[in-house]
Amino acid sequence: MIDTILFDLDGTLIRYRQDDFIKTYFNELSKVFVKLDLDAKTAVNGIWVGTKAMIKNDGAELNTKRFWDAFSEYMNLEGDQLKLVEDSCDRFYSNEFNVAKSLVQHSDISARTVREMAKKGYNLVLATNPVFPPCAVDSRLAWIGLTQQDFQFVTHYENSSFCKPNPNYYKEVLTKIDKSPEQCLMVGNNPAEDMCVKELGMSVFLVTDYIENEAELDINEFTHGTMEDMEEFLMAMPSIPF
């Protein structure tokens, strides 16, 4: 019996196009690097290097260590100078990063659905790709009227050692929440990164409003529909006895 719902964040609960978000995100982050007397283009490349290191993570270390080790090596930074960059990035995610909120298509569906499913007794997990620090997750959730406290577990780069679409990311989540795949439903907008859990035995719902399907996978093998369809689908699920 399904008693746990995993929600993706970007393009799923947050209604915007990933390309627009990335463009705005790096435009604002570049300003932080300039203030630190770093070459902005090189530093942005360093962010991508660190992100790729997290995506390739084999579980031996947390994503946060993989990211900053790769970034510091690429930028030739260490000690106090590296710490200054880390602290500046954390401040950025709590402040200037919020400029990207302007990209969000306003809707009450995400917050309403999350809270209603909690009332129905479901365990809720924010299964966002863990390439950001917790403060960045906090900001993005605030854009849609939610907080980390609305979920039983939230993935970010400080508590995860794999990334999507590695199935070990989902296995790690299942271990942390002590659930089997058969007890879970994954809601996401990426057939490759989110719907891959179907191979583990997890149920899925693909949200198509801002679908990211670079691999052009056939989505007909997944239960799918708009955010409105997703809300209707979830609300039709039975309540879980407390």
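See the structure above.
Residues numbered from 1 in each chain as written. Predicted model: local features only at pLDDT ≥ 70, side-chain atom pairs only at ≥ 80, totals over all residues. Heavy atoms only, no water.

S.K.: I keep staring at the overall build of the protein chain and nothing clicks. Help me out?
M.R.: For the protein chain, the count of helices and strands is eight helices and six strands. Reading the helices (α) and strands (β) of the protein chain from amino to carboxyl end gives β-α-α-α-α-α-β-α-β-α-β-β-β-α. The C-alpha atoms of the protein chain give a radius of gyration of 18 Å, which matches the 18 Å a tight globule of 242 residues would have. Principal axes of the C-alpha set define a box for the protein chain whose edges measure 55 × 35 × 35 Å. Here the protein chain, with 242 residues, has 55% of them falling under the buried criterion. Counted over contacts in the protein chain with a minimum sequence separation of 6, partners at least 24 positions apart contribute 67%. Across the protein chain, 23 positive and 39 negative side-chain charges occur, with their mean positions spaced 2 Å apart. (Helix = DSSP H or I, 4+ residues; strand = E, 2+ residues; numbered from the N terminus. Rg over C-alpha atoms; globule rule 2.2 N^0.38 Å. Buried < 20%, exposed > 50% of the residue type's maximum accessible area, 1.4 Å probe, protein only. Contact = heavy atoms within 4.5 Å. Lys, Arg positive; Asp, Glu negative; His and termini not counted. Charge placed at Lys NZ, Arg CZ, Asp CG, Glu CD.)

S.K.: Please clarify how the packing of aromatic side chains should be interpreted in this entry.
M.R.: Centre-to-centre distance and the angle between the planes together describe a pair of aromatic rings. Summed over all chains, the structure comprises 24 aromatic pairs. Centre to centre, the rings of Phe-33 and Phe-71 are 6.4 Å apart; their planes meet at 25°, and the pair counts as stacked. Taken together, the positions of Phe-33 in helix α1 (residues 18-35) and Phe-71 in helix α3 (residues 63-75) put the pair 38 residues apart, joining distant regions of the chain. Exposure remark for Phe-71: the relative accessible area of 0% places this residue in the buried category. Between the aromatic rings of Trp-68 and Phe-71, the centroid separation amounts to 5.4 Å while the plane-to-plane angle is 80°, which identifies the pairing as edge-to-face. Within this pair, Trp-68 and its partner Phe-71 are both found in helix α3, separated by three residues, close to a single helical turn. Among the aromatic residues, ring-to-ring pairing joins Tyr-16, Phe-21, Tyr-25, Phe-26, Trp-48, Phe-92, Tyr-93, Phe-97, Phe-132 and Trp-143 into one connected group. (Phe/Tyr/Trp six-rings, centres within 6.5 Å; stacked < 30°, edge-to-face > 60°.)

S.K.: Looking at this structure, I do not really get the pattern of salt bridges. What am I missing?
M.R.: Opposite charge on two side chains permits them to pair, given that their charged atoms come into close proximity. If you walk through the whole model with that rule in mind, you get 14 salt bridges. Between Glu-116 and Lys-119 there is a salt bridge, with its nearest N and O atoms 3.4 Å apart. Taken together, the positions of Glu-116 and Lys-119, both in helix α5 (residues 109-119) and three residues apart, correspond to about one turn of that helix. A residue is classified by how much of its surface remains accessible, and Lys-119, at 60% relative accessible area, is exposed. Across the pair Lys-164 and Asp-194 runs a salt bridge, and its minimum N-O distance is 2.8 Å. One end of the pair, Lys-164, is in the loop between β3 (153-154) and α7 (167-177); the other, Asp-194, is in the loop between β4 (184-188) and β5 (203-207), and 30 residues separate them in sequence. Neither Lys-164 nor Asp-194 differs from the other in exposure class; each is buried. In this structure, a network of salt bridges that share partners links the residues Asp-58, Glu-61, Lys-65, Arg-66 and Asp-69. (Salt bridge = Lys/Arg side-chain N within 4 Å of Asp/Glu carboxyl O.)

S.K.: How do you make sense of the sheet that holds β4 when you look at a structure like this?
M.R.: The pairing of strands in a sheet happens through backbone hydrogen bonds and is either parallel or antiparallel. Sheet architecture is open: six strands sit in the order β3-β2-β1-β4-β5-β6, paired in parallel fashion. Sheet topology places β3 and β6 (224-225) at the edges, where each strand pairs with a single neighbour. Alignment of strand β1 (residues 4-7) against β4, held across four bridges, turns out to be parallel. Among the inter-strand pairings, Phe-7 is bridged to a residue of β4, identified as Val-187. (Pairing = 2+ DSSP bridges.)

S.K.: Help me understand the side chain of Asp-194, please; the structure alone is not making it clear to me.
M.R.: For Asp-194, a relative accessible area of 1% gives the class buried. Within the local environment of Asp-194, its side chain forms a polar contact with the backbone nitrogen of Asn-189, the two atoms lying 3.1 Å apart. With residues near it in sequence (within four places) discarded, Asp-194 still touches Asp-8, Lys-164, Tyr-170, Met-186, Gly-188 and Asn-189. (Polar contact = N/O pair within 3.5 Å; in protein donor to acceptor, adjacent residues only side chain to side chain.)

S.K.: Can you walk me through the pairing of β4 in this structure?
M.R.: Here β4 lies mainly inside the structure; five of its five residues are buried. The two faces of β4 match: Cys-184, Met-186 and Gly-188 on one face and Leu-185 and Val-187 on the other face are all buried. Relative to β5, β4 runs parallel, the two being bridged by four bridges. Residue pairing across strands places Gly-188 opposite Leu-206, the latter belonging to β5.

S.K.: Explain unusual backbone geometry to me, please; I cannot follow it from the model alone.
M.R.: The residue after Lys-164, namely Pro-165, is reached through a cis peptide bond having omega 5°. Non-glycine residue Asp-178 carries a positive phi angle of around 55°. Taking the relative accessible area as the measure of exposure, Asp-178 reaches 66% and is therefore exposed. Even without a glycine there, the phi angle at Glu-216 is positive, about 55°. Among the residues examined, Glu-216 registers a relative accessible area of 70% and is labelled exposed.

S.K.: Can you walk me through α3 in this structure?
M.R.: Residues spaced three or four apart along an α-helix face the same direction, because each turn holds 3.6 residues. Counted at 1.5 Å a residue, the expected span for α3 with its 13 residues is 18 Å, and the 18 Å between its end C-alpha atoms agrees. Among all positions of α3, only Asn-63, Arg-66, Phe-67, Trp-68, Ala-70, Phe-71, Ser-72 and Met-75 are buried. The inward-facing, buried residues of α3 contact α1, α2 (40-55) and α4 (79-94). Downstream of α3 by a residue or two, Asn-76 has a phi angle that is positive, lying close to 55°. (Expected span 1.5 Å × (residues − 1).)

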